[in-house]
Amino acid sequence: MSIGRFARQAGLSVGALRHYAELGLIVPARVDPDSGYRYYTPDQVPTAQLVAALRDLEVPLGRIRTMLGASPAELRRRLAGHRTRIDADIWRLQRIAHRLRMIIDNEEDPMPHPAFVLDPDDERRLAATLFNRVWELLEKPDRSTADDDEMLHATHASRHHWGQVGQPVNFARGEWQCSRVYAVLGRAEPALHHGRRCLELAEAHDLGPFDVGCGHEALARAYRVAGDREASARHVADGRVQADKLTDPEERELLSADLDSV
C-alpha cells in the first residue's frame, strides 16, 4: 500500500513515517527506484500502530526501538520504567511550579542560595546519634504515638546520613533498623522492603555472617508481621545457619537472641 494509505491506517503522518524510515524504525517494504515512492505491507500496520501509541505516551524513539518485538511482559516492564521517569518529571515540574508561585508572590528570593553541606564528621555523629535514639525508643515500654512518629522519622534520617558518609555495613544496618521499626509498628510491607535491602546489601558487599544473618532475621520478623509463618520460619533457619558461622560469641549470642525473639 502507498505511504499515504499506510499512514492513515497506522495513525501516523507521512512526515513521521519518512523520519522513522530514516531511523530504521519502520522501514518501507519497497521503495520504487525510479519515483522514490515508498510502499508498505498490511502486516506492518500493527507495528506502526504500536509506534504511534508509544509516541502518544511520549516514549522516546530510542526506547521505542527496544520495545518493538518485545514480549508482552517485557513491554509492560519497559513501560513501567517509562512511567517512573514520567512521575519524576511530574515531581520536578511541581517543584518548579511551587517555586514560581513563591517568587511571584514575593515569598521567595529568586537568587540561588549557597548549598548547605554538613561536615562529614558532624554527619557521622548525627547518623550515629539518630541510630542510638531509635534504640532508646524501641526499648521504651510506654511509647506514645508521638514517640512512634519520632522513632520512624529518626531511623530514616539516620539511614540517610549514613548513606552520605558511611560504608556498606552502615547502609545494611540502617536498613535493618528501618525494617525493625516498621515490624514493631506492625507495618509488614515496608518492613519487608527494608529487610530485603538489608540482606541484599549484606550479600552484595560480602559483609559476613553477622550482617547476612541480621538480614534474614529482619525478613523473618517482617514475614511474621505479614502473617506468612512459612516464610518467617525459612528465614529464621537461614539466620541460624549464619549464626553458627560466627566465631565472636557476643555476635553469635546477639543474633541468636534476635532470631529466638521472632
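Residues numbered from 1 in each chain as written. Predicted model: local features only at pLDDT ≥ 70, side-chain atom pairs only at ≥ 80, totals over all residues. Heavy atoms only, no water.

## Looking at the pattern of salt bridges
All chains considered together, the criterion is met by 16 salt bridges. Measuring nitrogen to oxygen at the nearest pair gives 3.9 Å for the salt bridge that ties Arg92 to Asp89. Taken together, the positions of Arg92 and Asp89, both in helix α5 (residues 72-104) and three residues apart, correspond to about one turn of that helix. By relative accessible area, Arg92 is classed as partly exposed at 39%. You can call Asp89 partly exposed: its relative accessible area is 35%. Note that Glu217 and Arg221 form a salt bridge whose closest N and O atoms lie 2.7 Å from each other. Of this pair, Glu217 and Arg221 are both found in helix α10 (residues 209-226), four residues apart, which corresponds to roughly one turn of the helix. The burial state of Glu217 is the same as that of Arg221; both residues are buried. Among the charged side chains, a salt-bridge network with shared partners connects Arg180, Glu217, Arg221 and Asp258. (Salt bridge = Lys/Arg side-chain N within 4 Å of Asp/Glu carboxyl O. Helix = DSSP H or I, 4+ residues; strand = E, 2+ residues; numbered from the N terminus. Buried < 20%, exposed > 50% of the residue type's maximum accessible area, 1.4 Å probe, protein only.)

## Comments concerning the side chain of His194
By secondary structure assignment, the location of His194 is in helix α9 (residues 188-204). Residue class for His194 comes out buried when judged on its relative accessible area of 10%. Those residues within four positions of His194 in sequence are excluded, and the remaining contacts are His156, Glu175, Cys178, Ser179 and Tyr182. (Contact = heavy atoms within 4.5 Å.)

## Some remarks on the state of the cysteines
Summed over all chains, the structure comprises zero disulfides. A disulfide-free cysteine, Cys198 has its sulfur positioned 6.5 Å from the sulfur of Cys214, the nearest such atom. (Disulfide = S-S within 2.5 Å.)

## Points about a nonpolar patch on the surface
Judged by side-chain polarity, Leu93, Ile96, Leu100 and Ile104 come together as a nonpolar surface patch covering roughly 380 Å² of accessible area. Inspection of the secondary structure puts Ile96 in helix α5. (Patch = residues over 30% accessible without salt bridge, like charges linked within 9 Å, V, L, I, M, F, W, Y side chains within 5 Å. Areas by Shrake-Rupley, 256 points an atom, 1.4 Å probe, with all protein chains shown as cover.)

## Description of the environment of Arg65
Tracing the chain through its elements places Arg65 in helix α4 (residues 61-67). Residues in contact with Arg65, not counting those within four places in the same chain, are Leu23, Gly24 and Leu25.

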